[in-house]
Every structure is written in structure tokens, then in C-alpha cells.
Amino acid sequence: MTTRSNFGSKLGAVLAAAGSAVGLGNVWRFPTEVGNNGGAAFILIYLICVLLIGVPVMISEFVVGRHTHANTITAYKRLAPGSWWRIEGVAGVFVAFLILSYYVIISGWTLYYLVQSCLGTLSVAQDFKAGFSAFIAHPWWPVVYGCIFMGFTHLVVARGVQSGIERFSKVMMPLLLVIIVVLVVCSFNMPGAHDGLRFLLKPDFSKVTTRVMLSAMGQAFFSLSLAMGCLCTYASYFSSDTRLVRTAVNVSLIDTLVAIMSGFIIFPAVFSVQGVQVDEGPGLVFITLPHVFQMAFHGVPLLGSVFSVLFYLLLLLAALTSAMSLHESVTAYVHEAAHVSRPRASVVVSVACMLLGVACSLSFGPWSGFRVFGMNIFELFDFAASKVIMLLSGIVICLFVGWKLDRQLVYDEVTNGGTLRFRLFRLYLFLIRYVVPIVIGVIFVNELRQ
Ligand code: PHE
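A brief structural summary. For every chain, the first residue of the written sequence is number 1, and numbering continues from 1 along that sequence. Where totals are concerned, whole chains, interfaces and linings use all residues; where local detail is concerned, this predicted model gives features only for residues with pLDDT of at least 70, and gives and counts side-chain atom pairs only at 80 or more. The basis for every side-chain value is the complete set of non-hydrogen atoms in the structure, without hydrogens or water.

## Some words on a nonpolar patch on the surface
For step 1, the next point in the chain: On the surface, Trp403, Leu424, Leu427, Phe430, Tyr434, Ile438 and Val442 cluster together into a nonpolar patch covering about 720 Å² of accessible area.
For step 2, the next point in the chain: Counting residues per element, the nonpolar patch draws most heavily on helix α18 (residues 425-449), which supplies five residues.
For step 3, the next point in the chain: With respect to the element layout, Leu424 can be found in the loop between α17 (407-414) and α18. A residue counts toward a patch only above 30% relative accessible area and without a salt bridge, and it is joined to like-charged neighbours within 9 Å or, for Val, Leu, Ile, Met, Phe, Trp and Tyr, to nonpolar neighbours within 5 Å. Each accessible area is a Shrake-Rupley estimate made with a 1.4 Å probe; only the visible protein chains count as cover when residues are assessed. For salt bridges, the criterion is a side-chain nitrogen of Lys or Arg within 4 Å of an Asp or Glu carboxyl oxygen. Here a helix means four or more residues in a row that DSSP labels H or I, a strand means two or more in a row labelled E, and each is numbered from the N terminus.

## Quick notes on the site of the ligand
For step 1, the next point in the chain: Around the ligand there are 15 residues in total, and Ala21, Gly25, Tyr103, Phe222 and Met228 lie nearest to it.
For step 2, the next point in the chain: A distance of 3.0 Å separates an oxygen atom of the ligand from a polar atom in the backbone of Leu24.
For step 3, the next point in the chain: A distance of 2.8 Å is found between an oxygen atom of the ligand and a backbone nitrogen or oxygen belonging to Gly25.
For step 4, the next point in the chain: The protein chains hide 100% of the 320 Å² of surface that the ligand would expose on its own. A cutoff of 4 Å decides nearness: a residue is near a molecule or strand if any of its heavy atoms lies inside that distance of it. Residues adjacent in sequence count toward polar contacts only when both atoms are side-chain atoms; beyond that, a polar contact is any pair of N or O atoms within 3.5 Å, and within protein one must be able to donate a hydrogen and the other to accept it.

## Some thoughts on helix α1 (residues 10-21)
For step 1, the next point in the chain: What a helix should span is 1.5 Å times the count of its residues minus one. Compared with an ideal rise of 1.5 Å per residue, which puts twelve residues at 16 Å, α1 spans 17 Å between its outermost C-alpha atoms and is within 8% of the ideal.
For step 2, the next point in the chain: Relative accessibility under 20% of the residue-type maximum defines a buried residue, over 50% an exposed one, and the middle range a partly exposed one, all with a 1.4 Å probe and only protein chains included. For α1, the tally of buried residues reaches ten of twelve residues, placing the bulk of the element in the interior.
For step 3, the next point in the chain: Regarding α1, the residues found buried are Gly12, Ala13, Val14, Leu15, Ala16, Ala17, Ala18, Gly19, Ser20 and Ala21.

## A look at the side chain of His327
For step 1, the next point in the chain: Inspection of the secondary structure assignment puts His327 in helix α14 (residues 301-337).
For step 2, the next point in the chain: Of the residues examined, His327 reaches a relative accessible area of 0% and is grouped as buried.
For step 3, the next point in the chain: A distance of 2.8 Å separates a polar atom in the side chain of His327 from a polar atom in the side chain of Thr331.
For step 4, the next point in the chain: Whether two residues are in contact is decided by their heavy atoms: any pair within 4.5 Å suffices. Look past the residues within four positions of His327 in its chain and what remains in contact with it is Leu100, Met150, Thr153, His154, Val157, Ser346, Val349 and Ser350.

## Considerations on helix α4 (residues 72-79)
For step 1, the next point in the chain: Of the positions making up α4, those classed as buried are Thr72, Ile73, Ala75, Tyr76 and Leu79. For α4, the buried positions fall inside an angular range of 160° around the axis, keeping them on one side.
For step 2, the next point in the chain: Looking at where α4 begins, the residue whose side-chain oxygen comes 3.2 Å from the main-chain nitrogen of Ile73 is Asn71. Arc definition: it is the arc formed by the directions from the helix axis to the C-beta atoms.

## Quick look at the packing of helix α9 (residues 193-201) against helix α12 (residues 244-271)
For step 1, the next point in the chain: Between N-to-C directions, angles cover 0 to 180 degrees, with each direction set by a line fitted to C-alpha atoms, over the stretch in contact for helices. In the contact formed by α9 and α12, the axes pass within 7 Å of each other and the chain directions differ by 125°. Judged by the angle between their axes, α9 and α12 are oblique. For the crossing formed where α9 meets α12, the hand is right-handed. Counting all contacts with α9, which are made through Ala193, Asp195, Gly196, Leu197, Phe199, Leu200 and Leu201, the residues of α12 involved are Gly263, Phe264, Phe267, Pro268 and Phe271.
For step 2, the next point in the chain: Throughout, the ten residues Ala, Val, Leu, Ile, Met, Phe, Trp, Tyr, Cys and Pro are labelled nonpolar, Asp, Glu, Lys and Arg are labelled charged, and all others, Gly among them, are labelled polar. In the contact of α9 with α12, the residues fall into nine nonpolar, two polar and one charged. Angular relationships are summarised with four words: roughly parallel below 35 degrees, roughly antiparallel beyond 145, roughly perpendicular across 65 to 115, and oblique for the angles in between. For any helix crossing, the convention is left-handed if the near helix is rotated counterclockwise from the far helix by under a right angle, and right-handed if that rotation is clockwise.

## Overview of the state of the cysteines
For step 1, the next point in the chain: The criterion for a disulfide is a pair of cysteine sulfur atoms lying within 2.5 Å. This model, assessed by the stated rule, comprises zero disulfides.
For step 2, the next point in the chain: Note on Cys49: no disulfide assigned, nearest cysteine sulfur contributed by Cys398 at a separation of 13 Å.
For step 3, the next point in the chain: Among the residues examined, Cys49 registers a relative accessible area of 10% and is labelled buried.

## A few points about unusual backbone geometry
For step 1, the next point in the chain: Positive phi is not limited to glycine here, since Ser225 has a value of about 60°.
For step 2, the next point in the chain: Note that Ser225 resides in the loop between α10 (210-223) and α11 (230-235).
For step 3, the next point in the chain: Positioned with a positive phi, His339 is a non-glycine residue whose angle comes to about 55°.
For step 4, the next point in the chain: Mapped onto the elements of the fold, His339 is located in the loop between α14 and α15 (342-362).
For step 5, the next point in the chain: Judged by its relative accessible area of 71%, His339 falls in the exposed class.

## Observations concerning the packing of aromatic side chains
Geometrically, a pair of aromatic rings is defined through the distance of the ring centres and the angle of the planes.
For step 1, the next point in the chain: Planes of paired rings set the category: under 30 degrees apart is stacked, over 60 is edge-to-face and the rest tilted, where pairs are Phe, Tyr or Trp rings (Trp by its six-membered ring) whose centres lie within 6.5 Å. The full count for this structure, using the stated rule, is 37 aromatic pairs.
For step 2, the next point in the chain: Ring geometry for Trp140 versus Trp141: centroids 4.9 Å apart, planes at 35°, classification tilted.
For step 3, the next point in the chain: Over the ring of Phe222 we find Arg29, and its NZ or CZ is 4.9 Å from the ring centre.
For step 4, the next point in the chain: Here Arg433 stacks its cationic end above the ring of Trp403, 4.5 Å away from the centre of that ring. In this scheme, the term charge over a ring applies when either NZ of a lysine or CZ of an arginine sits within 6 Å of the ring centre and within 35 degrees of the ring normal.

Structure (C-alpha cells):
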């Protein structure tokens, strides 16, 4: 058996896992969801989802990963040899691969906007909507930026767990937090900031429907990087004295804080400019915000440029640490199962993923006519990965840890062999055995009906 690397410190482990969780989902998707779904009412439901569903699922993934010290596919194979539970590991790694293929394309857009901000071309008056649509429909520019982004991700993952992922996360995560605080302070000082805050913090319970609850749940899953083999793989590098429950709580806390602070950056900024509409999805970050950056600091365009450089840098760093975990989930498998060196395994993953990424990118331009169930390739991948496989995987993980694994094994993992106390163990078991599978099951059926 070859010796496997571990994270060198507990802080490194927390920051790497938090890096996986904090991503495009926090900075861009969360504020849009809050804006569309009743402000503080959505935040409240989201917090309940994180606490009652997100944290228990994360602990369960940690149990599987740390107990086996193996990549996700091998982990399930070892814990349930010869049984169909093994499919769970395959689904996790497959979904990570699928998500990475389109995540790099959006991250490439972010890189493009960062470059434009640095060059000062983003602050030139223009039709931001037309500019954005023309860029993403271009046959090769988004691919070029996607490739550069994949190149960065590749370099970090190929260096290994400690000198690549851990070292990078230890520098980037604190930097990311500093940028967020600076941006929040800037945003709070904009004229009209408190209209934005009122919009964000005023709970509008009339908008809360079951559909909104389901959105909150899906957002929690995506944002916490659950059910994609990423956290299971990272947990396989945790040392025997890493506290699983505490790590899961810390990661969820950091992730949630970043999401809420992103709302504090975006809404005061947007509300400080009259007549700007909050666009949905990519529009918020790539159409509304450039407009805001240009208009918010009348007469001082330099301030707008600095704000926009910092904002896209934040988005890029967040995306990079998440892409690393998606990449690592697949690379660890190729490296260990096919017995090829880590650098080679990561080349295979980067190239294969980029090929799929090209298809995703072209689906906004030359291939936009190619549709399956009314969706282009990009939307199809997102639907399959983050609506179908992710939710099903979430159910299977909980059933696996709750019912299939030996209760003593689970207890030993969460208490580090009985040396820690975990008073809520019975509640945790109850949640993963009954509550989480039933709630996700309802979501799944509802999503399919849409
Ligand atoms: N959690 C990341 C985000 O918020 C996305 C992601 C999902 C990363 C799944 C890894 C695994 O953007």
C-alpha cells in the first residue's frame, strides 16, 4: 500500500474544506436567491436548511472519507464490498467531473471581467447586456479564458494535497475574507446603501412558498459542496485527531457568513444607483454590477475600477478554491485507481474536463440550437448534476451512513474513538436516518415535476 498524504494541520483542513464550499454559489447565486425570494425570510429558511440538513450530511461525508482514507469511489467500495451502495461513490465523482466542466467556463467569464477591470475597459460606457451576450456567444474567447482558469486549477492540484491544495487555501482564504470585509465597508458607505440593506433584511413572508423552501435547500447543498465527493475526498486527508463535527460546523459557518456578506456587498451597491434593475443569474454579476461600478462613484472612475477589480478578484479566488476540490475529487480517483502519478492523473482530468467545457461554452454560441428537453448543453449538465444526481446522492449518503454503516463505527469516527463527546449523536442519527432523506425526497419529486 502506498503512503497517502494528509493535510498538515487542522487549520489547513478547515480552510481547504471552506475553500471548496465558498464559491460562485455564495457570491453570486445566494444574493440573487435572497433578492428573488423574500429577503430575510429566505435567509431564515436557508439557515434552518444548513443547520438541520447541511451539517448532518457534511458530517456523514466526513465519516466515510476519514474512515477509509481513500478516494470516494474506493471508499464506498471498501465499506460495502460487492453491494449496490458502491454506485454512490461513482455518482459523486461523476458529478464532480460534470460540474467542473461548466464551472471552469463561468470562472473563465470571471477572469475575463477581472482582466477588463484591470485594463479599465469595463468602466467605459457601453451596453453591458449586449457586451456580455456577445462575449459568452463568442466561439473561442470564453474557451481561452476557461483554459487559463483550468491551468491555474491544474497547477495547484498537480502539486499535491499539502504543497498544493492546503498551502494555496491557507493563503487564499484569509485574502478572500479580507477582500470581502473591504468591499462590505465600501458598499455600506455608498449613497442609498440603507435602501439596499432594508431590501435585504426585510423579511417578506408572503413570498415564501414550498418552491422557495426547495430553492433554499438546493442552494444549501450546492453552496456547501455536498454530495459530490469533494468533501469526502478532502476528509480522506484529515488526520485521526481532526474533529469531524467541529470542522463541519466551522465550514458551514464560514460558508454562510460569506454568502450573507456577499448580499451586504451587492445590494447596497445596486441600490445606490438609480434605475438599475437586479438581473437574475449571470446577469447580476456580469451585467448589473459592471453598470453599478461605472455609475456608483460619480466623477471618480478610479474608485469604480478599484471596486470592480476587488470584486472580480474575490469571485475568481472563490471559484478557484472550489474548482480545486472538484478537480481533486476526480484526480484522487484516477491517481489511486489507475496507479498513475498525481501530475499525470491531473493532466488527464484537466484535458477531459476541458473538452466537455468547450461543448458547454459553445452551447451559448454556435451550438445554441442543439437542445435536449429544451435545454442547451450547459443547462443540461447543470440540471443533471445539481438537480438530479446531487439530490439523489444526498439521500443515498444519509441512508448509507444512517442505516448501512455500523453504528459503533460512525460513533467512533465522530468522537475520534470515544475521546470526544458528541451529546447530539442521537439527534444526528435521527436526522440522517429520517429527516434528511424524506425532505430531500420531497424536493426531488418537486424538482422533477417542474
Ligand atoms: N460550493 C461551491 C460554490 O458555492 C460549488 C461546488 C459545488 C464546489 C460542489 C464543489 C463541489 O460555488
